[in-house]
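For reference, the chains in residue letters:
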Amino acid sequence: MPHALALWILTRFGPRFGLYYALLAIPECCDDHLIRCLTSNGADIPRHLVQSFVKEYGHPMPIREAKKGRDLIPYVDSLFNTAVQSIPFSGYATLMYLASTTYGDISMHNKQGDLRQFLTILNETKGVPTEELHSLVNTYGFMPGPILFQTGALVSPSLLHFIKMAHTSPKDYANLSFLFEFDPAARRHLWDAIHRLLFEFAYLSELNEDHYAQLRSLSCVILPKTSRHMLRRIKDQDIFIYTYTAFFTRHSVGYATQRQIQNYLTLLFTYIKPGFCLATVLKSIASTTIEQTNISDAIIQFLNKRHMYRP
């Protein structure tokens, strides 16, 4: 049974993401037998995953009511913490042994871990990979998950420069992007980064060719048929609604002018092609979700111009 399950996971999620998927989706099954079946059949042991595991294991967050679907979205950052508490101790011990055998020292880099190092590199280079970044990926099996930002230095995380890799280094981006197909926490941060990028460009008086190239690369970030493996019955459109609303509500009224919001919406409709109807979702946001009337009015005005709005 563990062998067949391990092969099923690796076939669908690949060696880089297989172990993480198992820990996140079926933690109670991740005993020593399944962990060894996964690794012996080629599953990577990402050092960042082990660092996060050590940090969270045995430190449960306050128990919340069971949630699923859209009701879970505000809490998706705690899914990994919740999952690892259910992992048998034999699985924990085996993973620690295999990780120490593979890497020796698995301690946090600068007390933040590999994810902090990865994002720092991309922030400094504006999304251009370096040899140090390639070392993280190729030597230490790095993937950008789980996304845990509860330490003081990363209270406001962003994957903004990570999604710019879809333009600066498409192969490197593609190598790491499957995570966003099943991890709702990572998917939420991905959508937030897209909102930030589009608004960054919406504020500019004129876009150059590099800006347009970055926008065109978003077709490799959000695909029409995507997130089919998303855990906990969470729909991509609900993640979009949550991140869109959160993006605007954390800023005061007047943060963006009507013109800038119209620019943002134009870029959104032009370059983002998700697996749901943007017009329908935005109508829902304007009518029921967002409290700032200037934002809802801008959405309605935009949809009216495109003959997409019917009260």
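Computed from a predicted structure; not experimentally measured.

S.K.: For this particular structure, what's the right way to read the nonpolar core?
M.R.: One recurring pattern in soluble globular proteins: nonpolar side chains tend to sit buried together. Phe-118, Phe-162, Phe-240, Tyr-244 and Leu-282 are the most contacted members of the largest nonpolar core, which has 107 residues in total. No other element matches the twelve residues that helix 1 (residues 2-25) contributes to this core. Not counting chain neighbours up to four residues away, the residues in contact with Phe-240 comprise Trp-191, His-195, Leu-268, Phe-276, Leu-278, Val-281, Leu-282 and Ile-285.

S.K.: Is there a simple way to explain the packing of aromatic side chains in this structure?
M.R.: To describe a pair of aromatic rings, you give the distance between the ring centres and the angle between the ring planes. Taken as a whole and judged by the stated rule, the model has 32 aromatic pairs. When the ring of Phe-13 is compared with that of Phe-182, the centres are 5.4 Å apart and the planes differ by 80°; the resulting orientation is edge-to-face. Placement of Phe-13 in helix 1 and of Phe-182 in the loop between helix 10 (170-176) and helix 11 (184-202) is noted, with a sequence separation of 169 residues between them. As far as the burial class goes, Phe-13 and Phe-182 line up, both buried. Measuring from centroid to centroid gives 6.0 Å for Phe-17 and Phe-178, while their planes differ by 55°, and the two rings are tilted. In this pair, Phe-17 sits in helix 1 while Phe-178 sits in the loop between helix 10 and helix 11, placing the two residues 161 residues apart along the sequence. A relative accessible area of 5% means that Phe-17 is categorised as buried. Judged by its relative accessible area of 25%, Phe-178 falls in the partly exposed class. One aromatic cluster is present, formed by Trp-191, Phe-199, Tyr-203, Phe-240, Tyr-244, Phe-247, Phe-248, Tyr-264 and Phe-276 through successive ring pairs. A cation over an aromatic ring shows up here: Arg-47 above the ring of Tyr-140, its NZ or CZ 3.7 Å from the ring centre.

S.K.: So what exactly am I meant to see when it comes to the confidence of the model for the protein here?
M.R.: Note that predicted coordinates carrying low pLDDT should not be read in detail. Per-residue confidence for the protein gives a mean pLDDT of 88, with 88% of residues at or over 70. Averaged pLDDT values for the elements of the protein fall to 86 in helix 16 (residues 293-305) and rise to 98 in helix 2 (residues 32-40).

S.K.: Please clarify how the environment of Tyr-212 should be interpreted in this entry.
M.R.: Structurally, Tyr-212 can be placed in helix 12 (residues 209-217). Put simply, Tyr-212 and Phe-201 are eleven residues apart on the chain and 9.6 Å apart in space, counted from C-alpha to C-alpha. In this structure Tyr-212 touches Leu-207 and Tyr-271, once residues within four positions along its chain are discounted.

S.K.: Would you explain helix 12 in this entry?
M.R.: Quick reminder: α-helices carry 3.6 residues per turn. Residues three or four places apart thus point the same way. Those residues of helix 12 not exposed but buried are His-211, Ala-213, Gln-214, Leu-215 and Ser-217. Where helix 12 is buried, its residues contact helix 9 (165-168), helix 11 and helix 14 (258-271). Taking the backbone nitrogen of Asp-210 as reference, a side-chain oxygen 3.0 Å away marks Asn-208 as the first, capping residue of helix 12.

S.K.: It is not clear to me how helix 1 should be interpreted in this structure. Could you clarify?
M.R.: Look at helix 1: only 15 Å from first C-alpha to last across 24 residues, short of the 34 Å you get at 1.5 Å a residue. The principal kink in helix 1, of about 120°, is found at Gly-14, preceding the proline Pro-15 by one to four residues.

S.K.: Would you explain the pattern of salt bridges in this entry?
M.R.: If charged atoms from side chains of opposite charge come close, those side chains can pair. Throughout the structure, instances matching the rule amount to seven salt bridges. Between Asp-114 and Arg-47 there is a salt bridge whose closest N-O contact spans 2.8 Å. Here the residue Asp-114 occupies a position in helix 6 (residues 114-125), and Arg-47 occupies one in helix 3 (residues 47-56), the gap between them amounting to 67 residues. We classify Asp-114 as buried; its relative accessible area is 0%. The exposure class of Arg-47 is buried, given its relative accessible area of 11%. For Glu-200, the salt bridge goes to Lys-164, with nearest N and O atoms at 3.6 Å. One end of the pair, Glu-200, is in helix 11; the other, Lys-164, is in the loop between helix 8 (160-163) and helix 9, with 36 residues separating them in the sequence. When its relative accessible area of 32% is taken as the criterion, Glu-200 is described as partly exposed.

S.K.: In this structure, what is going on with the packing of helix 3 against helix 5 (residues 89-103)? I would like to understand it.
M.R.: Any two packed helices are characterised by how steeply their axes cross, that is the angle between the axes, and by the distance between the axes. Following both chains from N to C, one finds helix 3 and helix 5 inclined at 135°, their axes separated by 11 Å at the closest point. The angle between helix 3 and helix 5 falls in the class oblique. Read as a crossing pair, helix 3 and helix 5 show a hand that is left-handed. The residues of helix 5 that touch helix 3, namely those facing Arg-47, Val-50, Phe-53 and Val-54, are Tyr-92, Leu-95, Met-96, Ala-99 and Tyr-103. Its residues placed into classes, the contact of helix 3 with helix 5 shows eight nonpolar, no polar and one charged.

S.K.: Explain the side chain of Ser-78 to me, please; I cannot follow it from the model alone.
M.R.: Assignment of secondary structure puts Ser-78 in the loop between helix 3 and helix 4 (79-84). Residue Ser-78 is classed as buried on the basis of its relative accessible area of 9%. Within the structure, the side chain of Ser-78 is placed 2.7 Å from the backbone oxygen of Tyr-75, a separation counted as a polar contact.

Each value, and the rule that gives it
- Residues numbered from 1 in each chain as written.
- Predicted model: local features only at pLDDT ≥ 70, side-chain atom pairs only at ≥ 80, totals over all residues.
- Heavy atoms only, no water.
- Core = buried A, V, L, I, M, F, W, Y, C linked by side-chain atoms within 4.5 Å.
- Buried < 20%, exposed > 50% of the residue type's maximum accessible area, 1.4 Å probe, protein only.
- Helix = DSSP H or I, 4+ residues; strand = E, 2+ residues; numbered from the N terminus.
- Contact = heavy atoms within 4.5 Å.
- Phe/Tyr/Trp six-rings, centres within 6.5 Å; stacked < 30°, edge-to-face > 60°.
- Lys NZ or Arg CZ within 6 Å of the ring centre and 35° of its normal.
- pLDDT = per-residue confidence, 0-100.
- Polar contact = N/O pair within 3.5 Å; in protein donor to acceptor, adjacent residues only side chain to side chain.
- Expected span 1.5 Å × (residues − 1).
- Bend = angle between axes of the 7 residues up to and from the residue.
- Salt bridge = Lys/Arg side-chain N within 4 Å of Asp/Glu carboxyl O.
- Axes fitted to C-alpha atoms, helices over the stretch in contact; angles between N-to-C directions.
- Parallel < 35°, antiparallel > 145°, perpendicular 65-115°, else oblique.
- Left-handed = near helix turned anticlockwise from the far one by under 90°.
- Nonpolar A, V, L, I, M, F, W, Y, C, P; charged D, E, K, R; others polar.

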